[in-house]
Amino acid sequence: MALIAVARRSLGATLELALPTTCGGCGSAGATWCLACADEAGHATYPGGARQVRPTPCPQGFPPTWAASPYGAAARAALVAFKDGDRRDLVDVLAPMLSGAIAAALAGDPHLRAVLASDNGPVFVVPVPSSPVAVRRRGDAPLELLTRAAVRWLGLSERELVVAPALRLHRRVADQAGLDHVQRADNLERAMQVQPRWRASIHGVTTLLVDDVLTTGATLMEAARALDAGGASHVAAATVAATQRRGIPA
Ligand SMILES: [Zn+2]
């Protein structure tokens, strides 16, 4: 119940931001997130908040996944500017969206719900790993930053949720852009693993993966496989957005 309220509040907060800068959605001067883009994202955000989504075609064993919004023009521009355009201030726009998807997963996934209800947490919130090349280029890992902000936004205790950057890419992978769903899956096959220092603590733990966009599902599939191989007891996922062509409601 409280989680639903948090999800609703987060959508409101997204619309209220107004700081002196340029818009992360369209580049117009005046605000981090202009009224037109807020309006577009507001319309784009699924009615009633985040919802369960799955890619089409849906890979067998795809983890139950919740997204805050379809991947519209404003969401795309904000995510690109946040990750690669030196607009880390857009975390204030994106974190409330992601927190809505996390809240929906915690409320909608029976396993996560049971863990929280029985005080058997914490659930480990695991950002999908960036490649070492991307971390060097950007100087940091924006998805981890966004995940931490979204979890803070929810205001749950560390007995309930902790951010666990437990995965790493252990070999080079190509940029996923421009690859079809078969190529993406091949590109990522067995590319991830639980980092050595997380191996003991991930065992038997309930996990919630986080990524920015659900497209073909290849990234979440590989991350879920790696967590499963590392002994996680359950894997669900939350994303900021889901592509409309492939990420249809489950
Ligand atoms: Zn704008």
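The present account deals with the structure reproduced in this document. (Residues numbered from 1 in each chain as written. Predicted model: local features only at pLDDT ≥ 70, side-chain atom pairs only at ≥ 80, totals over all residues. Heavy atoms only, no water.)

Another aspect to go through is the coordination of the zinc ion. Put simply, a metal with four donors set out as a tetrahedron has ideal angles of 109.5 degrees, and one with six donors set out as an octahedron has ideal angles of 90 or 180 degrees. The coordination sphere of the zinc ion, as far as protein atoms go, consists of Cys23 (SG), Cys26 (SG), Cys34 (SG) and Cys37 (SG), spread over 2.3 to 2.4 Å. Bound by 4 donor atoms, the zinc ion shows angles of 105 to 113° at the metal and therefore tetrahedral coordination geometry. All donors of the zinc ion come from a single chain, and their spacing in sequence reads C-x2-C-x7-C-x2-C. For the pair cysteine 34 and cysteine 37, a shared accessibility class is recorded, and that class is buried. (Donors = N, O, S within 2.8 Å, 3.2 Å for Na, K, Ca; no water. Tetrahedral: all angles 85-135°; square planar, octahedral: opposite > 155°, others 65-115°. Buried < 20%, exposed > 50% of the residue type's maximum accessible area, 1.4 Å probe, protein only.)

Taking 1.5 Å as the rise per residue, helix H4 (residues 91-108) with 18 residues should run 26 Å; its terminal C-alpha atoms sit 25 Å apart, in good agreement. Counted residue by residue, H4 has 15 buried out of 18 residues, so it is predominantly covered. (Helix = DSSP H or I, 4+ residues; strand = E, 2+ residues; numbered from the N terminus. Expected span 1.5 Å × (residues − 1).)

On to the environment of threonine 147. By the element assignment, threonine 147 lies in helix H7 (residues 142-154). By relative accessible area, threonine 147 is classed as buried at 0%. When the C-alpha positions of threonine 147 and aspartate 212 are compared, they lie 9.5 Å apart, and in sequence the two are 65 residues distant. Each residue touching threonine 147, except ones within four places of it in the same chain, is listed here: Leu98, Val125, Pro127, Val163 and Val210. A polar contact of 2.7 Å, which involves the side chain of threonine 147, links it to the backbone oxygen of leucine 143. (Contact = heavy atoms within 4.5 Å. Polar contact = N/O pair within 3.5 Å; in protein donor to acceptor, adjacent residues only side chain to side chain.)

On to the nonpolar core, then. Formed by 76 residues in total, the largest nonpolar core has its most connected members in Leu94, Ile102, Leu146, Leu167, Leu209 and Leu227. Counting residues per element, this core draws most heavily on H4, at 12 residues. The contacts of leucine 146, once residues within four sequence positions are left out, are Phe82, Val91, Leu94, Ala95, Leu98 and Val240. (Core = buried A, V, L, I, M, F, W, Y, C linked by side-chain atoms within 4.5 Å.)

Attention now moves to H7. Between its first and last C-alpha, H7 extends 19 Å over 13 residues, near the 18 Å set by a 1.5 Å rise per residue. When we look at burial in H7, the residues that qualify are Pro142, Leu143, Leu146, Thr147, Ala149, Ala150, Val151 and Leu154. Remark: glycine 155 follows H7 within two positions and exhibits a positive phi of approximately 70°.

As enumerated under the stated definition, the model contains 1 aromatic pair in all. Between phenylalanine 124 and tryptophan 198, the aromatic rings sit 6.0 Å apart at their centres with planes inclined by 80°, giving edge-to-face as the arrangement. Placement of the pair is phenylalanine 124 in strand E3 (residues 123-127) and tryptophan 198 in the loop between strand E6 (192-194) and helix H9 (199-202), with a sequence separation of 74 residues. The same class applies to phenylalanine 124 and to tryptophan 198, which are both buried. In this structure, arginine 76 packs its charged tip against the face of tyrosine 71, placed 4.9 Å from the ring centre. The ring of phenylalanine 82 carries the charged tip of arginine 88 above its face, separated from the ring centre by 5.6 Å. (Phe/Tyr/Trp six-rings, centres within 6.5 Å; stacked < 30°, edge-to-face > 60°. Lys NZ or Arg CZ within 6 Å of the ring centre and 35° of its normal.)

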